[in-house]
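This is what each chain is made of:
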Amino acid sequence: MFEKSKFTEKSLCSQNEEEEALESPEEASQTENIKWTDNGKTSLESNQRESPKISTEIFQDTVGKEESSKSEEENESTDKLDKPMKTLRVQSNENISKSNNANVAQMSLKPSPSVGSSLENLELDSLLPAVRSVDSPLGSTENGAMLEEAWEGLQKSYVYYKGKPVGTLAAMDPIAEALNYNQVFIRDFVPSGLACLMRPANAGGDPEIVKNFLLKTLHLQGWEKRIDNFTLGEGVMPASFKVLYDSHRQKETLVADFGGSAIGRVAPVDSGFWWIILLRSYTKCTHDYTLSELPEVQKGMKLILNLCLSDGFDTFPTLLCADGCSMIDRRMGIYGYPIEIQALFYFALRSSRQMLKPERDGKELIERIDKRIRALSFHIQKYYWLDFTQLNNIYRYKTEEYSHTAVNKFNVIPESIPDWVFDFMPLRGGYLIGNVSPARMDFRWFLVGNCIAILSSLATPAQATAIMDLIEERWEDLIGEMPLKIVYPALEGHEWRTVTGFDPKNTRWSYHNGGSWPVLIWLLTAACIKTGRPQIAKRAIELIEQRLSKDGWPEYYDGKTGRYVGKQARKYQTWSISGYLVAKMLIENPANLPIISLEEDKRIAKPKLTRSISF
């Protein structure tokens, strides 16, 4: 088990004094490519690139396969999910496996009913028999080789700065043009960081890279963020950064992108939220509280939150965003109040609430966070939720209603409901729709927003269960042959032309327009375990293991069922690799769940719904 870390690095202020000024735009614009060294480290040199081929040698997998042994607590009742969150240190798999496997009852897991499931009563030990059933192929020799290949690929993607690992490359495709895939993206690194945190120390776990990443991106936050003649907000975190090596000056420098180089020139709204969530995961896993308590880290969190909590003309607690501000970084009609950003916003608010210190202006900020959490949870649970009953209510909406007694509060025209929704919505199940704003409801299914809502407890227990019901009922549509659909359904024809602007990459059932993304398996797995439905995740993992490694770990798949490797997908995509690793460690050891999950907060008032959550 890792000892509590002592923070030994110099303060970020001294880092700023030591590092030389960023090279001129002319120098930064020169073509830079990756050169791989023998020890797996990467440097970037002009006009030269060598990319490694990922080895497929078989080794004895050590992740989550320790033998269960008797413990002194054999006759005690199993702990509830919220108890491990207070005491658990997942970085050591040895103690976890002993406590979790000591008294596992040999029973089959029964699917939860659509309504009435309580997440707070979920017991980790009760999940293990279903996850580790005798007929499970998860531990086969072939899958052991796939795991070894994945770990090796993840380690080869490490990016080093001044001798320390600070992140992972987006992709290592030896054939395709690098573009911006040779950079470290904040959102892309999250599953890589979680994999490094969840892996046991004796098997190569590396929490240090997560710590270095958090500090380095925090350092970049302090830079002036100018696009043309306009300066971005002080709290904006970079979308990505890269390490450049100047062979003449024998010095490494950092180049960050705050949206000025992005397609569409949109700043990433989600980067700051993912940074806060990963900081909590690091603290939860290592118990290294010195990092989150650093004045510089506290200030970084406050800058992000102040940017989002600033007063304005908003009448909704949701966050107003432009297209391209999240994982869907191209024009896809998610402008307004997309569910992915709202769920991440809520998750970041609750995570920072646990880490912020009340000193100085901290107490006032905590009070603002509490108010926003209550308002945001009510708004999302009440107005974003859709099931069969609510769909029927919207279908019968009256328009032009005025005053506080209005039922159709956003003046949504019933004729705007797309035809596919009526066929897609089952009698059993429901989901949080993509967007709600005046006269507009985006009825599309977005996986990231729904899974994050479950993990952050933004969705109520009954809603979380109904989301799992929907996935089971619409398996062919949302999972298909290669998990998982990022959005359903795809935009086609005239709608595709007007919404995406004839985007040639986001054609129907491709990329962000209904493409299938293997990286999302870790989010689905975590949500399934939290709702007591690990069999759903296990089935999806088995599908991924049939092809992902053989296809070269592509970024995404095309087609209505995800049958074809994406037409522009990069191979050896790092987060496809790390997403699979995190899913495997979660399904084989559910005690890892508290690293990326929050329990329901009883102090948050729930909306009084007069309709059923699910049929």
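It should be noted that the structure appears before, not after, this text.
Cut-off values and rules
- Residues numbered from 1 in each chain as written.
- Predicted model: local features only at pLDDT ≥ 70, side-chain atom pairs only at ≥ 80, totals over all residues.
- Heavy atoms only, no water.
- Helix = DSSP H or I, 4+ residues; strand = E, 2+ residues; numbered from the N terminus.
- Buried < 20%, exposed > 50% of the residue type's maximum accessible area, 1.4 Å probe, protein only.
- Contact = heavy atoms within 4.5 Å.
- Areas by Shrake-Rupley, 256 points an atom, 1.4 Å probe, with all protein chains shown as cover.
- Pairing = 2+ DSSP bridges.
- Phe/Tyr/Trp six-rings, centres within 6.5 Å; stacked < 30°, edge-to-face > 60°.
- Lys NZ or Arg CZ within 6 Å of the ring centre and 35° of its normal.
- Core = buried A, V, L, I, M, F, W, Y, C linked by side-chain atoms within 4.5 Å.

Asks: Please explain the overall build of the protein chain as it appears in this structure.
Replies: What the protein chain contains, in helices and strands, is 22 helices and 15 strands. Among the 615 residues that make up the protein chain, the fraction classed as buried is 61%. Counting only contacts in the protein chain whose residues sit at least 6 apart along the sequence, the fraction spanning at least 24 positions is 75%. Accessible area for the protein chain stands at about 25900 Å²; split by element, carbon and sulfur atoms hold 50% of it.

Asks: Looking at this model, I keep getting lost on the sheet that holds strand β9 (residues 251-257). Mind explaining?
Replies: The strand order across the open sheet built from three strands is β5-β8-β9, with neighbouring strands paired in antiparallel fashion. Looking along the sheet, the strands with just one partner apiece sit at the ends: β5 (184-185) and β9. Relative to β9, strand β8 (residues 240-246) is paired through seven bridges, and the arrangement is antiparallel. Bridge pairing links Y245 to E252 in β9.

Asks: Please clarify how the packing of aromatic side chains should be interpreted in this entry.
Replies: The way to describe two aromatic rings as a pair is by their centre distance and the angle between their planes. The tally for this structure, following the rule as stated, stands at 21 aromatic pairs. On the numbers, 5.7 Å between centres and 65 degrees between planes, the contact of W420 with F424 is edge-to-face. Pair noted here: W420 and F424 are both in helix α15 (residues 419-424), with a separation of four residues, about one helical turn. Under the relative-accessibility criterion, W420 is labelled partly exposed at 23%. Relative accessible area serves as the criterion here: at 3%, F424 is assigned to the buried category. An aromatic cluster of three or more residues is present, and its members are W420, F424, Y431, W445, Y488 and W509. Here the guanidinium or amino end of K505 rests over the ring plane of Y511, the centre of that ring lying 4.2 Å away.

Asks: Could you clarify how one ought to interpret the pairing of strand β11 (residues 430-437) in this entry?
Replies: Remember that side chains alternate between the two faces of the sheet whenever the strand is regular. Of all eight residues making up β11, eight are buried, and the element is well covered by its neighbours. Bridge count between strand β10 (residues 385-387) and β11: three bridges; the pairing is antiparallel. Paired with D387 across the bridge in β11 is G430. With four bridges joining them, β11 and strand β12 (residues 440-446) adopt antiparallel strand pairing. Across the sheet, residue S437 finds its bridge partner in β12, namely R440.

Asks: Would you mind showing me how to read the nonpolar core here?
Replies: One recurring pattern in soluble globular proteins is that nonpolar side chains are buried together. Ranked by size, the top nonpolar core spans 165 residues in total, and within it W275, I471, L520, Y580 and L581 carry the most contacts. With 10 residues, helix α12 (residues 339-355) is the largest single contributor of residues to this core. Once you skip the residues sitting within four places of it in the chain, L520 turns out to touch M327, L447, V448, L484, K485 and I486.

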